Each structure stands twice: as structure tokens, then as C-alpha cells.
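Listed here are the chains, written in short residue letters.
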Amino acid sequence: MPEFAQLRDRMVEIQLARRGIRDRRVLDAMAQVPRERFVESGFEEFAYEDGALPIANEQTISQPYIVALMAEAAELKPEHKLLEIGTGSGYAAAVASRLVRTVHTVERHTDLAKIAAERLTAVGYDNCVVHNGDGSGGLPEEAPFDAILVAAGSPTVPDALKGQLAVGGRLVIPIGDFEHEQSLLRVTRRSDTAYDEETFGAVRFVPLIGEHGWAEDGTRSA
Ligand code: SAM
């Protein structure tokens, strides 16, 4: 079996660069972060496969390509302060932490938040702060953010998140059905009141459950 570092390099070339990820900093971060440290125990050998993998609480660690696509779409810079909603395994937060100054990441499941925080500490990524709670309304006490990445599908773009973007900041969020297909949307704040929207194709995420997302039974809560 090849070493993880070799599998990682191959993943970056085949799954990311050949599919059109161009941002050199994103490719370098993906080549650096040990995904095998963020999968569930026993899944290490699948860490560099081209897909999402199951984690606790019926959640998933996102497909590497989607993590890279969202990071690229957010146009991250070293001085940025970033908010991620949906910490899950902590992997995407780990990648983002190589690209920006500070990452705040919010997870609604207490045990996932705890494990992700431990993993991030264990790999030495100390510019990530993990928060436990409903992130569908953002993290007002830390706003504004240069970028917000939402790693769960929402019925609509929560106004609370748009309002926590700095002017010039970008929100990347999957919008659509509860458990089917969503469209990956980038919302850029142009001024205090003006926002642009662009789509980045079809994606499939677990639902954003919370006050500004879905109710647990799949009805809209916002
Ligand atoms: N970024 C993660 C990773 O790299 O492993 C993958 C995230 S997983 C696709 C989506 C996560 O969003 C789940 O862990 C889920 O519990 C979480 N989630 C769903 N609704 C949430 C909410 N309102 N606030 C915070 N986390 C939420």
C-alpha cells in the first residue's frame, strides 16, 4: 500500500487539478493536510478515495474535490477571518486553516465538535476555534467574516449569514432540497446592501438543521 503522502499527491493531481481546481494555495493545502487523521478509525485506507465518507451521528466528511471547490470559490487570502458552518470531522476547517489567518467553525453535534477540536489540536492547527451549537444564524459575536463556508444544505440563503460578511466577503453555500441535490451558490457582498450571486454546479450535502435552515423532519424552520 502506498504511503499516505503519495496517495495525497495523487488525489491532488487526479481528483483536483485535472478537474479544474487552479488555485495553487488550495492545491498546496490539500497536499498538506492529512485526511487520514480526520476519517473514522478503520477508514484510513479510504481517506484518499474520491468521495464523502461516513462519520459519527450519521454525518459525512466531505469529498476532497468539494472541499477544494468551496475553498477556491471563497478566494481565501492569508489575512482572512473565516467562518465554517458544519465542522463535521474538522477536515475542511483544517484545510481552510492553511489558507487564512483564523477559522471559526461551528458544529451542532457536541461529540463531533469535541472530536474535531481534539484532532485539530493533535495535528497542530492552532488557528481554528471550534464552537458547539446551531451555526445556521452564523456567529454574530465574531463577525464580520471575509468568507463563510456552509458545509450543509440550506433551503434558502440565511439573511443572518449575508449580514455577517465583510464588504467584499464571500459566502459559499449549498441551496436546495432537504436530502437530494443542491446548487452550490456563491454570494459576494458588494456594499452594505448589495449582493451578487453565482452558481457553481450541483452538489449533495446533508441538511443544515437549525433556526435558519431546516427543521429535523425536513420542513423549513426559517
Ligand atoms: N466540513 C465537514 C468535514 O470536513 O468533515 C463536513 C461537514 S458535514 C457534510 C455537515 C455537518 O454540518 C455535519 O457534521 C452536521 O452535523 C453539521 N450541521 C448541520 N446543521 C448544522 C447547524 N445548524 N449548525 C452547525 N452544524 C450543522
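Residues numbered from 1 in each chain as written. Predicted model: local features only at pLDDT ≥ 70, side-chain atom pairs only at ≥ 80, totals over all residues.

Let's shift gears to the confidence of the model for the chain. Reading fine detail from the predicted coordinates is not recommended where pLDDT is low. Looking at the chain as a whole, the pLDDT averages 96, with 99% of positions reaching at least 70. Reported confidences for the modelled complex are a pTM of 0.97 and an ipTM of 0.99. (pLDDT = per-residue confidence, 0-100.)

Take the pairing of strand β7 (residues 165–176) next. In terms of strand pairing, strand β6 (residues 145–150) meets β7 through four bridges, oriented parallel. Looking at β7, one finds that Ile148 is bridged to Leu171. Pairing of β7 with strand β8 (residues 182–189) involves seven bridges; the strand directions are antiparallel. Along β8, the bridge assignment pairs Ile175 with Ser183. As consecutive antiparallel partners, β7 and β8 are separated by five residues. (Pairing = 2+ DSSP bridges. Helix = DSSP H or I, 4+ residues; strand = E, 2+ residues; numbered from the N terminus.)

In this section: helix α1 (residues 4–16). Along its 13 residues, α1 runs 17 Å from first to last C-alpha, staying within 8% of the 18 Å computed at 1.5 Å per residue. Among the residues making up α1, those that are buried are Arg8, Met11, Val12 and Leu16. The inward-facing, buried residues of α1 contact α2 (24–32) and α3 (64–73). (Expected span 1.5 Å × (residues − 1). Buried ≥ 20, exposed ≤ 12 C-beta atoms within 10 Å, placed from the backbone. Contact = placed C-beta atoms within 7 Å.)

The subject of this paragraph is the site of the ligand. Lining the immediate surroundings of the ligand are 26 residues, of which Gly86, Gly88, Ser89, Ala92 and Gly210 lie closest. Secondary structure elements with two or more residues in the shell around the ligand: β2 (59–61), α4 (91–97) and β4 (102–107). Among the elements that make up the shell around the ligand, the one with the highest residue count is β2 (three residues). When the residues that make up the shell around the ligand are grouped by side-chain class, the tally is 12 nonpolar, 11 polar and three charged. (Near = placed C-beta within 6 Å. Nonpolar A, V, L, I, M, F, W, Y, C, P; charged D, E, K, R; others polar.)

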